Amino acid sequence: MVLDVWKRLYSNTKSNFREVAIKGFWDMFDPEGYSLWFCDYKYNDENTVSFVTMNKVGGFLQRMDLARKYAFGKMLIIGNEPPFKVKGLWLFRGPEIPKFVMDECYDMELYEWTKVDLSDEAQKERVNQMIEDHEPFEGEALSMPSALSDLKLLYLILLEVFVSGVI
């Protein structure tokens, strides 16, 4: 798997996302060279203000920039009403989360990390839904408060910059 090829496919697919990007992901995915991880924020009960929650996620993505060459990340803020849930999907080069990421990004300890079981079709479908921003996700809407359109745009730009590796 060439990580940059996947990131370009993800960034450039505008229609038929599941048929193009998701299929392309699984066609490229190398389970010997890469690992997939779910992350769940441990303190979702504290996520009572939407823009504060978005700032937490944005800051986490900025700090994870150090792993750009070794990772692809997708973070979701879930729910229309507080407390908002924060969940993510990460693709890392190698069988484990790189040690330098665990050591350098202090936010890592704020999340519960679970390696994706590739033999479990339900977990693979969850991966697909997270990559494509499937709504509803686990029965809830993805949160992007309309009243905070500037912050929403900033969040999307941060996510796109991180994911695509474009500065």
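Residues numbered from 1 in each chain as written. Predicted model: local features only at pLDDT ≥ 70, side-chain atom pairs only at ≥ 80, totals over all residues. Heavy atoms only, no water.

(A) Spotlight on the pattern of salt bridges. Applying the stated criterion to the full structure yields 13 salt bridges. Between Arg 63 and Asp 107 there is a salt bridge; the shortest N-O distance is 2.5 Å. Separated by 44 residues along the polypeptide, Arg 63 in helix 3 (residues 50–63) and Asp 107 in the loop between helix 4 (99–104) and strand 4 (111–115) bring together distant segments of the chain. With its nearest N and O atoms 2.9 Å apart, the salt bridge here joins Lys 87 to Glu 138. Residue Lys 87 is found in strand 3 (residues 85–93), and its partner Glu 138 is found in the loop between helix 5 (121–131) and helix 6 (149–164); the two are separated by 51 residues along the sequence. (Salt bridge = Lys/Arg side-chain N within 4 Å of Asp/Glu carboxyl O. Helix = DSSP H or I, 4+ residues; strand = E, 2+ residues; numbered from the N terminus.)

(B) A look at helix 5. Every buried residue of helix 5 is accounted for by Arg 126, Val 127, Asn 128, Gln 129, Met 130 and Ile 131. Summarising the contacts, the buried residues of helix 5 are in contact with helix 1 (3–12), helix 2 (17–28), strand 1 (34–41), strand 2 (71–78) and strand 3. For helix 5, the side-chain oxygen to backbone nitrogen distance between the N-cap and Ala 122 is 2.9 Å, and the N-cap itself is Asp 120. At the C-terminal side of helix 5, Asp 133 shows a positive phi close to 55°. (Buried < 20%, exposed > 50% of the residue type's maximum accessible area, 1.4 Å probe, protein only. Contact = heavy atoms within 4.5 Å. Polar contact = N/O pair within 3.5 Å; in protein donor to acceptor, adjacent residues only side chain to side chain.)

(C) Region of interest: the packing of helix 1 against helix 2. Where helix 1 contacts helix 2, the two axes come as close as 10 Å, and the packing angle between them is 170°. Overall, the two elements helix 1 and helix 2 adopt an arrangement that is roughly antiparallel. Of the residues in helix 2, those touching helix 1 at Val 5, Trp 6, Leu 9 and Tyr 10 are Phe 17, Val 20, Ala 21, Gly 24, Phe 25 and Met 28. Partitioned by chemical class, the residues of the contact of helix 1 with helix 2 number 9 nonpolar, 1 polar and no charged. (Axes fitted to C-alpha atoms, helices over the stretch in contact; angles between N-to-C directions. Parallel < 35°, antiparallel > 145°, perpendicular 65-115°, else oblique. Nonpolar A, V, L, I, M, F, W, Y, C, P; charged D, E, K, R; others polar.)

(D) Molecular detail of the sheet that holds strand 4. If you trace the 4 strands from one edge of the open sheet to the other, you get 2-3-1-4, paired in antiparallel fashion. At either end of the open sheet lies a strand with only one pairing partner, and these are strand 2 and strand 4. Ignoring which end each strand starts from, the neighbouring axes of this sheet average 20° apart. In this fold helix 1 packs onto strand 1, strand 2 and strand 3, with an angle of close to 35° to the strand it touches most, strand 2. (Pairing = 2+ DSSP bridges.)

(E) Molecular detail of the side chain of Asn 47. Within the secondary structure, Asn 47 sits in the loop between strand 1 and helix 3. On the basis of relative accessibility, which here comes to 1%, the residue Asn 47 falls in the buried class. If we ignore the near neighbours within four places in the chain, the residues touching Asn 47 are Tyr 41, Thr 53, Lys 56, Pro 82, Pro 83, Phe 84 and Val 86.

(F) Looking closely at the environment of Gln 129. Mapped onto the elements of the fold, Gln 129 is located in helix 5. Between the C-alpha atoms of Gln 129 and Ile 22, which are 107 residues apart in sequence, the distance is 9.2 Å. Discounting residues that sit within four places of it in the chain, Gln 129 has contacts with Arg 18, His 134 and Phe 137.

(G) Region of interest: unusual backbone geometry. Each neighbour pair has its own omega, and for Pro 82 with Pro 83 the value is -5°, a cis peptide bond. The residue Pro 83 is located in the loop between strand 2 and strand 3 in this model. Omega for the bond connecting Glu 135 with Pro 136 falls within 30 degrees of zero, at 0°, which places this linkage in the cis form. Relative to the helices and strands, Pro 136 resides in the loop between helix 5 and helix 6. Here Asn 16, not a glycine, exhibits a phi torsion of approximately 50°, which is positive. Within the secondary structure, Asn 16 is located in the loop between helix 1 and helix 2.

Honestly, it's all geometry; don't read function into it.
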